[in-house]
Amino acid sequence: MKKSILAIALFFSVLAVQAQTKSVPNQPTDKPADEQESLAKDYLSQIMHVAVSATSNLKLFNFVYDWIGTPYRFGGNTKKGVDCSAFTKQLYNQVFNLDIKRNSRDIFSMVSPVSKDDLKEGDLVFFKIHSRSISHIGIYLGNNRFAHASLKGVAISSLDDAYYSRYFYKGGRVLAAFKKELEAPADETAEQ
């Protein structure tokens, strides 16, 4: 039974990787910006297996798309190699303009828990993989899919996969108090 589930998961992973490695088609520039954004949303949602209705943050999906396939490297924080918390930190910095902590356990201290059923695009997902403490983090995209830097590199996986379902710990949303605290230094710098 486990072997057939593993074989099915591997088959779908291979299909997902093949779909993720295709390039974005060139779009004519004479189309209105709204139509181009709509086409981009459709394309990215198909690649990432997330419903178009769940794709409200195009910047998030573009960021993830740009990092897909980046190799995993413990302690790494560049496209030459990145680990899960550095990928999450980079994403939150560039997509949400928030400078979150670097370690998945420390990041968990910045969130309010969210049930799996209440996760929204951009929420964080935490895992305890072969550990009593949080050892992995990802960013929720919708439709039970999340982006993360796994040992196979930056990828999109499903919370429904047997492996991730087994080790899922909690979802989390960055607390409003931390958002204000994190955004305050940028606002103060702009005023000076």
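What you see is a predicted model; the values in this text were computed from it and never measured. (Residues numbered from 1 in each chain as written. Predicted model: local features only at pLDDT ≥ 70, side-chain atom pairs only at ≥ 80, totals over all residues. Heavy atoms only, no water.)

### Let's talk about the overall build of the protein chain
The following threshold applies: Counting from the N terminus, the helices are the DSSP runs of H or I reaching at least four residues and the strands are the DSSP runs of E reaching at least two. Between buried and exposed lies partly exposed: a residue is buried under 20% and exposed over 50% of the maximum accessible area for its type, with that area taken using a 1.4 Å probe on protein chains only. We call two residues contacting when some pair of their heavy atoms lies within 4.5 Å. The accessible surface values rely on the Shrake-Rupley method and a 1.4 Å probe; as for residues, cover is taken only from the protein chains in view.
Within the protein chain, the secondary structure is distributed over seven helices and eight strands. Taken over 192 residues, the protein chain has a buried fraction of 41%. The contacts of the protein chain with a sequence gap of at least 6 include a subset with a gap of at least 24, amounting to 50%. For the protein chain, the exposed surface amounts to about 11300 Å²; the carbon and sulfur share of it is 53%.

### Focus: helix α3 (residues 58–67)
Burial analysis of α3 places seven of its ten residues in the buried class, the great majority of the element. Once α3 finishes, Gly69 follows within two positions and takes phi at roughly 90 degrees, a positive value.

### Overview of the nonpolar core
To keep things clear, this is the line we draw: Buried residues of nine kinds, namely Ala, Val, Leu, Ile, Met, Phe, Trp, Tyr and Cys, make up a nonpolar core once their side-chain atoms join them within 4.5 Å.
Membership of the largest hydrophobic core comes to 30 residues, with the highest contact counts inside it found for Leu60, Val64, Phe87, Leu91, Leu124 and Phe126. Those elements that provide at least two residues to this core are α3, α4 (84–96), α5 (104–108), β4 (124–127), β5 (136–142), β6 (145–150) and β7 (153–158). When residues in this core are grouped by element, the largest group, six residues, is from α4.

### Structural notes on the sheet that holds β6
Counted only if it meets this: Strands pair, by our definition, only if DSSP identifies at least two bridges between them. For every element, the axis is a line fit to its C-alpha atoms; helices are fit only across the contacting stretch, and the angle between N-to-C directions ranges from 0 to 180 degrees.
The sheet built from six strands is open, its strands ordered β3-β8-β4-β5-β6-β7 with antiparallel pairing. At either end of the open sheet lies a strand with only one pairing partner, and these are β3 (111–114) and β7. In this sheet, neighbouring strand axes are inclined to one another by 35 degrees on average, regardless of whether the strands run parallel or antiparallel. Sitting on the sheet, α3 is in contact with β5, β6 and β7, with an inclination near 130 degrees to β5. Running over the sheet, α4 touches β4, β5, β6, β7 and β8 (168–174) and is turned about 45 degrees from β5.

### Quick word on α4
As a reminder, the rule being used: Multiplying 1.5 Å by the residue count of a helix minus one yields the expected span of that helix.
Look at α4: 17 Å from first C-alpha to last across 13 residues, which is about the 18 Å you get at 1.5 Å a residue. Residues of α4 that are buried: Cys84, Ser85, Ala86, Phe87, Thr88, Leu91, Tyr92 and Val95. Phi turns positive, to about 55 degrees, at Asn97, one or two residues after α4.

### Focus on the environment of Asn62
Residue placement: Asn62 occurs in helix α3. Judged by relative accessible area, which is 34%, Asn62 ranks as partly exposed. The spacing of Asn62 and Val95 is 33 residues in sequence and 9.4 Å in space, taken between C-alpha atoms.

### Quick look at the pattern of salt bridges
Just so we agree on the cut-off: One speaks of a salt bridge when a side-chain nitrogen belonging to Lys or Arg is within 4 Å of a carboxyl oxygen belonging to Asp or Glu.
One pass over the full model with this rule turns up three salt bridges. Across the salt bridge formed by Lys89 and Asp99, the nearest N and O atoms sit 2.5 Å from each other. Here Lys89 is found in helix α4, whereas its partner Asp99 is found in the loop between α4 and α5, with ten residues between them in sequence. You can call Lys89 partly exposed: its relative accessible area is 23%. On the accessibility criterion, Asp99 (44% relative accessible area) is partly exposed.

### Quick word on the pairing of β7
Counting buried residues in β7 gives six out of six residues, a clear majority hidden from the surface. Two strands pair when backbone bridges link them, and β6 and β7 are joined in this way by six bridges, in the antiparallel orientation. Looking across to β7, one finds that Ala147 is bridged to Ile156. In textbook terms, the turn of a hairpin is the stretch between consecutive antiparallel strands, and for β6 and β7 this stretch comprises two residues.

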